[in-house]
Amino acid sequence: INAAYMGVWSKTPPRRVAAIMILLEFQNRIIVSALKEKVELLQASKESVGDEDTKIKMEGIAIVVADFDGVTYHLSNPEEVKTKIMVSIALNFFSDLVPHGVMDVLKREYGALLQASPEPGYNASIVVDLETVDEATIQKVGMFRRNCFAAVFEKYFKIQQAGGAGGDKPAVINYRKNEAIYVSAMKDRVTVVFSVLFQDDDDIILGKVFLQEFKEGRRANQSAPQVLFSHKEPPQELKDAMGSGAQLYTGNNVGYVTFVLFAKHVEQAAKTIDLIHTFRDYLHYHIKCSKAYLHSRMRARTVSLLKVLNRAKQEVEGKEKKTAAGKSFVRK
């Protein structure tokens, strides 16, 4: 699995790796499905004939959708216009993205769809007209969260390509409670450090195994980024870059994963951002899958042993036993 994740950066990944690769979707499937469903319903309502009771009618929408990292969306009809859908996003760490140009990225990606004033309680809103929306726009709306994340990575990719000046001070994105992403740039590389918090004792053990394998994953694919892992304490390079007064997460249930992205990864900016911003979710997804697999094997083994016990013949108490010579045998 780790080799598969690392192999995506390769232009020609090995066939064996591609076959076992399991990656999370970069877009929100619920949003994409909801928009497609409304477009089809609108088309059906236009083509429908008959009286008011039998004719297909356009229905409104009002749903709240959850995504990774505590992100929530709200889909609604602005001003009760059923042919338009407003998609609003709320991120707890949006304020960390603002200094890195998140609004500029959203304006570039969504243009006139982006609203000047977001819906109250949300950080940004876009309005889609079901009359004119196309498939590409629907997919782009589904990547709302990804495009917010992209701002900080694009900024430091540009700094690296410009020679690295001003990129030594890491950007800090507190994307989850007690977890953060640190991004910095130098003239030859961009460094992305994830602090990962494990809630369960089992997750700590499995997480250490996974992250240590990520460290070794570059052996399977030389085109993949270099990955470093440290447990309990942040890497020394991060301590030096943040300064002595910075508060970094420490503890037995904390791990730090460092991705070193070189020029060839920066050149594939879109693919790199797709992969890097979902790393934490990818890691925990596979930890949970591993636990589920281990539990299923344990349950299957328990059932198998119970069947063996049920088939075993028990000796009848009080039955007389005889030796080969015909004498009675009595246990004393």
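Residues numbered from 1 in each chain as written. Predicted model: local features only at pLDDT ≥ 70, side-chain atom pairs only at ≥ 80, totals over all residues. Heavy atoms only, no water.

Student: Give a detailed account of the sheet that holds strand β9 (residues 254–262), specifying residues and quantitative values.
Tutor: Two modes of strand pairing occur in sheets, parallel and antiparallel, and in both the strands are linked by backbone hydrogen bonds. Spatially, β5-β6-β7-β9-β8 is the arrangement adopted by the 5 strands of the open sheet, whose pairing is antiparallel. If you trace the sheet from one side to the other, it starts and ends with β5 (171–176) and β8 (226–231), each paired once. Neighbour-to-neighbour, the strand axes of this sheet turn through a mean angle of 15 degrees, independent of strand direction. Across 5 bridges, strand β6 (residues 179–185) lies against strand β7 (residues 189–197) in antiparallel orientation. Paired with Val 183 across the bridge in β7 is Val 192. Sheet strands in contact with helix α8 (residues 201–216) are β8 and β9, and its direction is about 145 degrees off that of β8. Strands in contact with helix α12 (residues 279–311) are β5, β6, β7 and β9; relative to β7, the strand with the most contacts, it is inclined by about 45 degrees. (Pairing = 2+ DSSP bridges. Helix = DSSP H or I, 4+ residues; strand = E, 2+ residues; numbered from the N terminus. Axes fitted to C-alpha atoms, helices over the stretch in contact; angles between N-to-C directions. Contact = heavy atoms within 4.5 Å.)

Student: Just give me the short version of the sheet that holds strand β4 (residues 124–129), but keep the residues and values in it.
Tutor: What the 4 strands build is an open sheet, ordered β1-β2-β3-β4; its pairing is antiparallel. The sheet terminates laterally at β1 (62–66) and β4, the two strands that pair on one side only. For this sheet, the mean inter-axis angle between neighbouring strands, taken without regard to orientation, is 20 degrees. The pairing of strand β3 (residues 84–90) with β4 spans 6 bridges and is antiparallel. Its bridge partner being in β4, Ser 88 is matched across the sheet by Ser 125. In the packing of helix α7 (residues 144–161) onto the sheet, the strands contacted are β2 (72–76), β3 and β4, and the crossing angle to β3 comes to about 45 degrees.

Student: Please give an account of a nonpolar patch on the surface that cites residues and values.
Tutor: On the surface, Tyr 293, Leu 294 and Met 298 cluster together into a nonpolar patch covering about 330 Å² of accessible area. Under the relative-accessibility criterion, Met 298 is labelled exposed at 52%. (Patch = residues over 30% accessible without salt bridge, like charges linked within 9 Å, V, L, I, M, F, W, Y side chains within 5 Å. Areas by Shrake-Rupley, 256 points an atom, 1.4 Å probe, with all protein chains shown as cover. Salt bridge = Lys/Arg side-chain N within 4 Å of Asp/Glu carboxyl O. Buried < 20%, exposed > 50% of the residue type's maximum accessible area, 1.4 Å probe, protein only.)

Student: Explain α8 to me, and be specific about the residues and the numbers.
Tutor: For α8, spanning 16 residues, the distance from its first C-alpha to its last is 23 Å, which sits close to the expected 22 Å at 1.5 Å a residue. Buried within α8 we find Asp 203, Ile 204, Leu 206, Gly 207, Phe 210, Leu 211 and Phe 214. (Expected span 1.5 Å × (residues − 1).)

Student: Outline the environment of Ala 263, listing residues and values.
Tutor: On the secondary structure map, Ala 263 appears in helix α10 (residues 263–267). Residue Ala 263 is classed as partly exposed on the basis of its relative accessible area of 35%. Along the chain, Ala 263 and Phe 157 lie 106 residues apart, while their C-alpha atoms are 8.9 Å from each other. Apart from residues lying up to four places away in sequence, Ala 263 is in contact with Gln 160 and Asp 188.

Student: Can you break down the confidence of the model for the chain residue by residue, with the values?
Tutor: Predicted confidence across the chain gives a mean pLDDT of 85, with 87% of residues reaching 70 or more. Taken together, the stretch residues 12–19 has pLDDT below 50 and engages in 4 contacts with residues farther than four places along the chain or on a different chain. (pLDDT = per-residue confidence, 0-100.)

Student: Summarise the pairing of β6; cite the residues concerned and give the values.
Tutor: Across the 7 residues of β6, 7 count as buried, placing the element largely inside the fold. In this structure, β5 lies alongside β6, joined through 4 bridges in antiparallel fashion. Within β6, the position partnered with Val 172 by the bridge is Tyr 182. Linkage of β5 to β6, two consecutive antiparallel strands, is achieved through a turn of 2 residues, within which Asn 178 is found at a positive phi near 65 degrees. Linking two consecutive strands that pair antiparallel, namely β6 and β7, is a turn of 3 residues.

Student: Describe unusual backbone geometry, with residues and values.
Tutor: Phi at Asp 69 takes a positive value of approximately 60 degrees, unusual for a residue other than glycine. Looking at the secondary structure, you find Asp 69 in the loop between β1 and β2. Residue classification places Asp 69 among the buried positions, given a relative accessible area of 5%. Although it is not a glycine, Glu 79 sits at a positive phi angle of roughly 55 degrees. On the secondary structure map, Glu 79 appears in the loop between β2 and β3. Residue classification places Glu 79 among the exposed residues on the basis of a relative accessible area of 76%.

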